[in-house]
Structure formats: C-alpha cells, structure tokens
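# Structure assessment
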Amino acid sequence: IVGGSQAEVETQPWIAGIFQNIKGTDQFLCGGSLIDPCWVLTAAHCFYDPTKKQPNKSAYKVFLGKSVLNATDEHEQVFMVDEIISHPDFTDYTGGNDNDIALIRIRTTSGQCAVESNYVRTVCLPEKNLNLHDNTRCEIAGYGKQNSSTVNLISQDTCKNKYYDNTRVTDNMVCAGDPAWETDACKGDSGGPMVCEHNGRMTLYGIVSWGDGCAKKNKPGVYTRVTRYLNWIDTNMNAVLTKSR
Ligand code: 4AZ
C-alpha cells in the first residue's frame, strides 16, 4: 500500500498472507481474504506460471492473524495449501488480467481449518447484484510497508474511457483510487482485499489485481469484481467438498 497507515490485523482479520518456498526459503507472494474457515480468495496471477500446468501446492503456506510480515505473531495461524483453483478463463498479463481470481483451500498439518478469534475472521461476500455507488469509500489492506488505506470506487465508464483504454478494463473489474492519487495498492498487495461497508457489514468487493504503477495520477488501482464470481466461488467450494467425501 502506498500512502497508507499502519494497521493491526484486528481491523482486517480476514487478511491472509500467502508465502511461497523458493529454494528453501519462504517468500511473501500475495495477500488473500478468508471467506470460509477452509478457503482463501486471492488473485489467479499469484500462481500464474506459463511453464507449469499446475502450481506445486506443497510450495505454499498461508498465514492468518499476522500483523507483521517478518516476525512471528502470537496470534498467527499457519496452513498448508491442499487445493489451488485458478479461474479457467484467467487471461494472464498479456491478456489483460481478466478473471483474476483463485480459491485456495487451507489445512493445518493436523487437518484443521481456521479457528476464529479477534485476529482471524471470515469476511462477508457481497450479495448477488450488489453495485456500490461511485465514490463509495472502501478499504484496502496488504502486507506492504504501510498496510491499510482507503480508496473511492470509480465509475466504470470513467475508468474504461478516461483512465485506461476501453479494452483493458472489463466488466469483471472495478476501479478505485484516491481523489488526490496519494494512496493506492501496490506491488505485494496483489490478491488482497478491497472491502466496502454495505448494510453495516464489511463486504469483500474487490481483489487487488493490477494498475499502471502505484498512486499515479489518473491511473487507479484495478480490482477483480467479486460480485461477478459468486457462482464460480460457490460451485468450486462445493465441488471440492463432494470430491473429498
Ligand atoms: C502489483 O504489481 C500491483 N496500483 C498491484 C496493484 C497495483 C499495481 C501493481 C495497483 O502487484
């Protein structure tokens, strides 16, 4: 996050940190959001590797309840990954990052999912046709330097036709930015949540996906529009349930 402020994990207790083991060391890869005790929603581009058909599940670890990146937090919970489901129509960077969404199922070594606490909690998914007003203030969080901030939703028309070119921003995306362009999601925040308050609940409205740079004038952050994937999420979570029984 650029231009944000320090945040404790209690203010965004659904935020997940996804790490990848590279040559024996765990490196931070992406953020994510806990949507069910056993499932984290993140961005497909986090796992995109044109040289591999399937990511190597055993290389990843997921942390919940963690306020700081490089130290053990007494409230953290750590998990292995037993499923990574990237959207089959994800178009990668060259295709514009459309359908940038992935589900990962988490398990402790003893087979448990997340345990709710003040530090670990699921976030609500939006209702089906939720279309929040332009300028709605939303919160973004990540494990970047300063890790929480607010941005305003930007109209689809303005984002498509004024800030980016019309073909890059699809209806599966939603743009958000700071009116002064001082704060934004940035490298390392990918996959993490953009939550907006709706009917008194913090609702997962976007997933950090892409943007032209960070906090650049007229170049808002672009987020995966979660409302477009509610059926996909449901179907895939249930398919895995059925498979493992
Ligand atoms: C990135 O590289 C990235 N300003 C994430 C978000 C944005 C730009 C880049 C949006 O992960």
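No experiment lies behind these values; they were computed from the predicted model shown. (Residues numbered from 1 in each chain as written. Predicted model: local features only at pLDDT ≥ 70, side-chain atom pairs only at ≥ 80, totals over all residues. Heavy atoms only, no water.)

## Some points on the sheet that holds strand β10 (residues 193-198)
A barrel is described by the order of its strands in space; here 6 strands give the closed sequence β7-β8-β9-β12-β11-β10, paired in antiparallel fashion. Looking at each pair of strands side by side, their axes are set apart by 45° on average, direction ignored. Note that strand β9 (residues 173-177) and strand β12 (residues 221-225) share 4 bridges and pair antiparallel. Note on β12: the bridge partner recorded for Met173 is Thr224. In the packing of helix α1 (residues 156-163) onto the sheet, the strands contacted are β8 (148-154), β9 and β12, and the crossing angle to β8 comes to about 90°. (Pairing = 2+ DSSP bridges. Helix = DSSP H or I, 4+ residues; strand = E, 2+ residues; numbered from the N terminus. Axes fitted to C-alpha atoms, helices over the stretch in contact; angles between N-to-C directions. Contact = heavy atoms within 4.5 Å.)

## Describing the nonpolar core
Soluble globular proteins: nonpolar side chains tend toward being buried together. Counting residues in hydrophobic clusters, the biggest one holds 42 residues, and the most contacted among them are Ile35, Leu41, Val62, Leu103 and Ile233. Elements supplying a minimum of two residues to this core: β1 (15-22), β2 (25-36), β3 (39-42), β4 (60-64), β5 (77-86), β6 (102-107), β11 (201-210) and α2 (230-243). Of all the elements, α2 adds the most residues to this core, at 5 residues. What Leu103 contacts, discounting residues up to four positions off in sequence, is Ile35, Trp39, Val40, Leu41, Glu83, Ile84, Ile85, Trp232, Ile233, Asn236 and Met237. Membership of the second largest hydrophobic core comes to 15 residues, among which are Leu132, Cys138, Val174 and Ala176. (Core = buried A, V, L, I, M, F, W, Y, C linked by side-chain atoms within 4.5 Å. Buried < 20%, exposed > 50% of the residue type's maximum accessible area, 1.4 Å probe, protein only.)

## A short note on the state of the cysteines
When the sulfur atoms of two cysteines share a covalent bond, that bond is a disulfide. Under the definition given, this model contains 5 disulfides. Here Cys138 engages in a disulfide with Cys196; their sulfurs sit 2.1 Å apart. Between Cys138 and Cys196, the S-S torsion sits near 105°, and that sign places the bridge as right-handed. Here Cys196 lies in strand β10 and Cys138 lies in strand β7 (residues 137-141), a separation of 58 residues in the sequence. Residue Cys196 is classed as buried on the basis of its relative accessible area, which comes to 1%. (Disulfide = S-S within 2.5 Å.)

## Concerning the layout of surface pockets
Approximately 470 Å³ is the volume attributed to the largest pocket. As for the largest pocket, its lining consists of 22 residues, and the residues nearest its centre are Phe47, Tyr48, Asp49, Gln54 and Pro55. A total of 4 residues in the lining of the largest pocket trace back to one element, the largest contributor, which is β5. Residues that form the lining of the largest pocket fall into these classes: 12 nonpolar, 5 polar and 5 charged. Taken together, 17 residues make up the lining of the second largest pocket; nearest its centre are His45, Cys186, Lys187, Gly188 and Ser190. Looking at the lining of the second largest pocket, the elements with two or more residues in it are β2 and β11. With 3 residues, β11 is the largest single contributor of residues to the lining of the second largest pocket. (1 Å grid on protein atoms, 1.4 Å probe; cavity = no way out; pocket = protein on both sides within 12 Å on 5 of 7 lines; lining within 4 Å. Points joined across faces, edges and corners; volume = space filled by probe spheres on them. Nonpolar A, V, L, I, M, F, W, Y, C, P; charged D, E, K, R; others polar.)

## As for empty space enclosed by the protein
For the structure on display, the rule yields 1 cavity of 30 Å³ or more. Contributing to the lining of the largest cavity are 13 residues, with Ala7, Glu8, Val9, Ile15 and Gly142 lying nearest its centre. Its residues assigned to classes, the lining of the largest cavity comprises 5 nonpolar, 6 polar and 2 charged.

## Quick look at the site of the ligand
Every residue near the ligand is listed here: Asp184, Ala185, Cys186, Lys187, Gly188, Ser190, Val208, Trp210, Gly211, Gly213, Cys214 and Gly221. Asp184 is positioned with one of its side-chain polar atoms (N or O) 2.8 Å from a nitrogen atom of the ligand. Gly213 has a polar backbone atom sitting 2.9 Å from a nitrogen atom of the ligand. For the ligand, whose free accessible area comes to 300 Å², the fraction covered by protein is 82%. Counting atoms within 2 Å of the grid points, the majority share of the ligand lands in the second largest pocket. In the shell around the ligand, the residues fall into 5 nonpolar, 5 polar and 2 charged. (Near = heavy atom within 4 Å. Polar contact = N/O pair within 3.5 Å; in protein donor to acceptor, adjacent residues only side chain to side chain. Areas by Shrake-Rupley, 256 points an atom, 1.4 Å probe, with all protein chains shown as cover. Sits in = over half its atoms within 2 Å of the grid points.)

Geometric values such as these leave the question of function open.
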